[in-house]
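Structure assessment
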Amino acid sequence: KKIGVIGMGYVGIPAAVLFADAPEFDYVYGFQRDSITSGYKIDMLNSGESPLKGEEPGLDELIKKVTGNAESGGDGESSGKSAGRRKFECTSDFSRLSECDAITLAIQTPFKSREDLIPDFTPLIKGLRNAGRYLTPGTLVVLESTITPGTTEGMAREILEEESGLVAGEDFCLAHAPERVMVGRLLRNIREHDRIVGGIKSYDADGRVLDGIDSPNTKRAMELYGPVLTKGKLIPMSATAAEVTKTAENTFRDLQIAAANQLALYCEAMGINFYDVRRGVDSLKGEGITRAMLLPGAGVGGHCLTKDTYHLERGVKIVNEGLKLKFSVGTPDASVSTEPFETPDASVYTEPFETPEPFEPLDPLDFPEGKESLYVLARQINDFMPHHMFTLTKSALRRAGKVLEGPENEIKIALLGWAFLANSDDARDTPAEVYYKLCKDAGAEVSIHDPHVLSYPGLDEGDNISHDLDEVIAGADVIAVLAGHKEYFSMKPEEISGTAGVKCPAIVDGRNVIDPDMWIDSGFIYKGIGRGDK
Ligand code: SAJ
């Protein structure tokens, strides 16, 4: 049994090496286009190295093992190759897809920009065309990317059938098994998270629909993912339900964060401490009372929560339109059918034949004029938070007698935490970038500290980016914390205002990393998300 994984990124690589490590499978190809930007991954992986940045427990060893590069165990010396034979190979030769019994696609589905809310499926379409071109009968194709509901039964099926000339659900199997990994725990997440598996619909000999767990497409996908699960269970359902599950779980998380952010803004406006309220609300324990709140903060970044709401919103329309197309009935157009339309046998009907009303499923999105869905509003609240950080920065400076308007005021801002996630080097769609631009547009000089992030594309070269916290804070008029890196929890006000010689100490805490009283007692002007009490 050979497996092919298309897309050697932070989803495809751990998935491929876990398939390779499973005795149920004989060999795994990792397919990677030999492009300028990512061709380097092919040689790295084949020599047993991981091309992924950041710590991934167990991944380096597993890549070495399945590529036959593991040092022999026990004695610790790196003596010769281990007995392990190679079971994984990275290649740019997509024709080898024709050798595979199962093909998974782990290809990113980014949105072109924060502004236009349409996903860019180009990379995924390329992958689907490659898979279709070399698809052989009996193969299972699984999409792991986060996709708009309706894609597996729709666009993916169409492309695969068009390229291969085969029929999905009959000549080959097709399913969606969304990835649910977080950077930093890729292997653990794949092994331990429950795995949603959704095969497309099929039909039995009598033309009855086989969907969800009854679909052979779902069954085949369960056989593929079962062997790599240690703690996780398989959760079968329809392909569309699987797409909705993935986008909904992130949409709900975004919504919960927005609920916390909205309440934090209220607490600021009412002069109370959000965290008192949170502790109070969560004190209501007992069956059915779930832990109510996530954390407010400087914003929501990353490729997941900032996108999946829009995948879900679009999906409702796409799937709904599909249903309308499928069910829309009307009087057959006599010009179309070769036979004259059969007048129903009068003896059967007491009433003359009524043209059936075309099926009009309720349009779930016909909100009152100008209303947005709850989820889209949640997105707008979360996207507002870096703007609110800027408002808090201006008000902290005003209390220090300074004005953040125009370069002549020579305001220097120390921005701590560029990553979108605490203790991560991932800065995709980081809210820090929105805050940074607002500060620059207001004429401030910004110095940036992040202990993990290595590259800062698109920033003004004049800005000071450093891993030296004191250097970044030196001379700053205000410190703004935008990511909750663990380094920031141990900052001491006396160290900061002393050695760093901060001109006029003000701090705006976007991730609740410091104790306000300690800093206020040291003479700092303090502002914090949700801290209306300070
Ligand atoms: N955030 C808050 N408050 C919170 C939690 C998070 O402001 O209480 C912010 C974070 O600062 C970050 C953003 O939200 O900017 C996203 O944080 P995250 O913890 O959701 O990190 P992601 O986006 O990398 O991971 C999510 C996870 N989804 C769920 O927990 C439902 C992860 O399990 C998914 O695998 C991942 O999306 C994905 O790939 O879809």
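These remarks concern the structure in this document. Quick caveat: nothing in here was measured; it's all calculated off a predicted structure. (Residues numbered from 1 in each chain as written. Predicted model: local features only at pLDDT ≥ 70, side-chain atom pairs only at ≥ 80, totals over all residues. Heavy atoms only, no water.)

Observations concerning the overall build of the protein
Scanning the protein from N- to C-terminus turns up 16 helices and 16 strands. Taking all 534 residues of the protein together, 50% fall into the buried category. Counting only contacts in the protein whose residues sit at least 6 apart along the sequence, the fraction spanning at least 24 positions is 71%. Carbon and sulfur atoms make up 55% of the accessible area of the protein, which amounts to about 25,100 Å² in all. (Helix = DSSP H or I, 4+ residues; strand = E, 2+ residues; numbered from the N terminus. Buried < 20%, exposed > 50% of the residue type's maximum accessible area, 1.4 Å probe, protein only. Contact = heavy atoms within 4.5 Å. Areas by Shrake-Rupley, 256 points an atom, 1.4 Å probe, with all protein chains shown as cover.)

Describing the packing of helix 11 (residues 374-399) against helix 12 (residues 431-441)
Relative orientation of the contacting elements helix 11 and helix 12 amounts to 45°, with a least axis distance of 8 Å. Comparing the axis directions of helix 11 and helix 12 gives the class oblique. The handedness of the crossing between helix 11 and helix 12 comes out as right-handed. In this structure, helix 11 contributes Pro386, His387, Met389, Phe390 and Thr393 to the contact, and helix 12 contributes Pro431, Val434, Tyr435, Leu438 and Cys439. Here the contact of helix 11 with helix 12 is composed, by residue class, of eight nonpolar, two polar and no charged. (Axes fitted to C-alpha atoms, helices over the stretch in contact; angles between N-to-C directions. Parallel < 35°, antiparallel > 145°, perpendicular 65-115°, else oblique. Left-handed = near helix turned anticlockwise from the far one by under 90°. Nonpolar A, V, L, I, M, F, W, Y, C, P; charged D, E, K, R; others polar.)

A few points about the pattern of salt bridges
Throughout the structure, instances matching the rule amount to 28 salt bridges. Residue Glu249 pairs with Arg180 through a salt bridge whose shortest N-O separation is 2.5 Å. Of this pair, Glu249 sits in helix 8 (residues 239-270) while Arg180 sits in the loop between strand 6 (173-176) and helix 6 (186-192), placing them 69 residues apart in sequence. Judged by relative accessible area, Glu249 falls into the partly exposed class, the value being 26%. Residue class for Arg180 comes out partly exposed when judged on its relative accessible area of 24%. As a salt-bridge pair, Asp206 and Arg208 come within 3.5 Å of each other at their nearest N and O atoms. A relative accessible area of 59% places Asp206 in the exposed class. Residue classification places Arg208 among the exposed residues on the basis of a relative accessible area of 53%. Via salt bridges that share partners, Arg129, Arg133, Glu162 and Glu163 belong to a single interconnected network. (Salt bridge = Lys/Arg side-chain N within 4 Å of Asp/Glu carboxyl O.)

A short note on empty space enclosed by the protein
Using the criterion set out here, one finds one cavity of 30 Å³ or more in the structure. Together, Pro178, Arg180, Val181, Asn189, Ile190, His193, Asp194 and Arg195 line the largest cavity. Classifying every residue of the lining of the largest cavity gives three nonpolar, two polar and three charged. (1 Å grid on protein atoms, 1.4 Å probe; cavity = no way out; pocket = protein on both sides within 12 Å on 5 of 7 lines; lining within 4 Å. Points joined across faces, edges and corners; volume = space filled by probe spheres on them.)

Brief notes about the pairing of strand 16 (residues 525-528)
Neither face of strand 16 is left uncovered, since the one carrying Ile525 and Lys527 and the one carrying Tyr526 and Gly528 both have all their residues buried. Examined bridge by bridge, strand 15 (residues 506-509) and strand 16 share four bridges and lie parallel to one another. Bridged to Ala506 within strand 16 is Ile525. One crossover worth recording links strand 15 to the parallel strand 16 by way of helix 16 (residues 516-521), and it is right-handed. (Pairing = 2+ DSSP bridges. Right-handed = clockwise from strand over helix to strand, strands pointing away.)

Any functional reading would require information that these geometric values do not contain.
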